[in-house]
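Fold and contact review
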Amino acid sequence: MNELQLSQLVMQRCDALGKISEEPNRLTRTFASSAMRRANKLVGSWMRAAGMQVREDAAFNLLGRWNSSHRAAKTFLLGSHLDTVRDAGKYDGPLGVLTAIAAVELLHKRGAKLPFNLEIVGFSDEEGVRYQTAYLGSNAFAGTLKSADLARIQEKQIVKARRRDEFLGYAEVHIEQGPVLEAKNLPVGVVTAIAGQSRIRVELHGVAGHAGTVPMDLRHDALAGAAELVLATERCGVTATVGKLEVAPGASNVIPGKAFLTLDVRHQSDARRLAAVKSLHAKTRNIATRRGLKLVWTPVQENGAVQCDKKLAQIFSKCVAQRGLDVLKLPSGAGHDGVVLSQICPVAMLFVRCKGGISHNPAESVKAADVRVAIEVLADFILKLAEL
Ligand SMILES: [Zn+2]
């Protein structure tokens, strides 16, 4: 099969996999569901067709392996996730696994003999829909499961998925989930880092009152204070979002007495993210003081940024440039299994352009021509690694 046919095959496989769902009429495939088992069976059959040895580990991760003939060879990992959000698109996750399988087929076609084993992983839980805890599959694989996560899930056996091998690295192809590649008219981009994230719950307590009788200058309107915070967030200089805003009591003739907001702040530099959070906290304190509101500021989650391995990213860049394409380096605002894998080996990511930057949505769309570039770049990347 040539490169064009392989890219068409990946598109067909994304379509086929997109039909395996636990809900009728929309794509939802969560951790350990029967839909996931069926998906693993199908993708496993494709791995076998590419000459790989296939198994499912104790955490429902699907593993396809191509063993090197070299003695004591170490292993390089490729992959992405096979679980989805609710009402998902068909490329977020599966594209990375299916591109890796296609790259293996291409390497076989080129007669490649690798000095390392190649293992493709279809991780079972990146989105965290089932238990609201992301990365169960990769954490089980890496041996980095937290006891709090393990406590809330039924499948305690997933700890057995822990791998103790020494891995040379992990490379993942993923849709960009943003509009940058499309704006630059490029099929692929090399990821520099996965942004760190701070999540904060903010409460502003004012005084509810009659919308007709309390004069404007005597009000303690919690929502008006929240509105100032929303605008300050928009101008805070890093990627930051107020995604949720609730008002109490929430009636058209009552001054808002309470406002609850969620704040999500991300950046590839932890220092810049933490500085932005600190500055937003100070601004919110000022808003509250000026308006006579009580502020409750509760940090909910804090993840540091993960830098992609410079050497691996450079190899990806070379492979992209070899195709006559401009090399665009960009950070990932979204989390990925690489965040977890970075604790046990160097990680690298290649983004593929997606239409309108849309993801987590059935409207997700990628072009076969871009997928072809991703397959070629990934195969070249493996060959370059083999030369080192
Ligand atoms: Zn994903």
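It should be noted that the structure appears before, not after, this text.
What this report covers is the structure whose coordinates are included nearby.

**Examining unusual backbone geometry**
Note that the residue after A248, namely P249, is joined by a cis bond; omega there is 0°. Within the element layout of this structure, P249 appears in the loop between β9 (239–248) and β10 (254–255). Even without glycine at this site, Q177 takes up a positive phi of about 65°. With respect to the helices, strands and loops of the structure, Q177 is situated in the loop between β5 (167–175) and α6 (180–184). Overall, the relative accessible area of 18% leaves Q177 in the buried class. At N185, a residue that is not glycine, the phi angle is positive and equals roughly 55°. Here N185 lies in the loop between α6 and β6 (188–194). In this structure N185 comes out as exposed when scored by relative accessible area, which is 58%.

**Brief notes about the pairing of strand β4 (residues 117–123)**
Burial of β4 is extensive: seven of the seven residues sit out of reach of the surface. Residues N117, E119, V121 and F123 line one face of β4 and the alternating positions L118, I120 and G122 line the opposite face, and both faces are buried. Bridge analysis of strand β2 (residues 62–66) against β4 gives five bridges, and the strand direction is antiparallel. Across the sheet, R65 pairs through a bridge with E119, a residue of β4. With helix α3 (residues 94–109) bridging strand β3 (residues 75–81) and its parallel neighbour β4, the resulting β-α-β unit is right-handed.

About the cut-offs
Residues numbered from 1 in each chain as written. Predicted model: local features only at pLDDT ≥ 70, side-chain atom pairs only at ≥ 80, totals over all residues. Heavy atoms only, no water. Helix = DSSP H or I, 4+ residues; strand = E, 2+ residues; numbered from the N terminus. Buried < 20%, exposed > 50% of the residue type's maximum accessible area, 1.4 Å probe, protein only. Pairing = 2+ DSSP bridges. Right-handed = clockwise from strand over helix to strand, strands pointing away.

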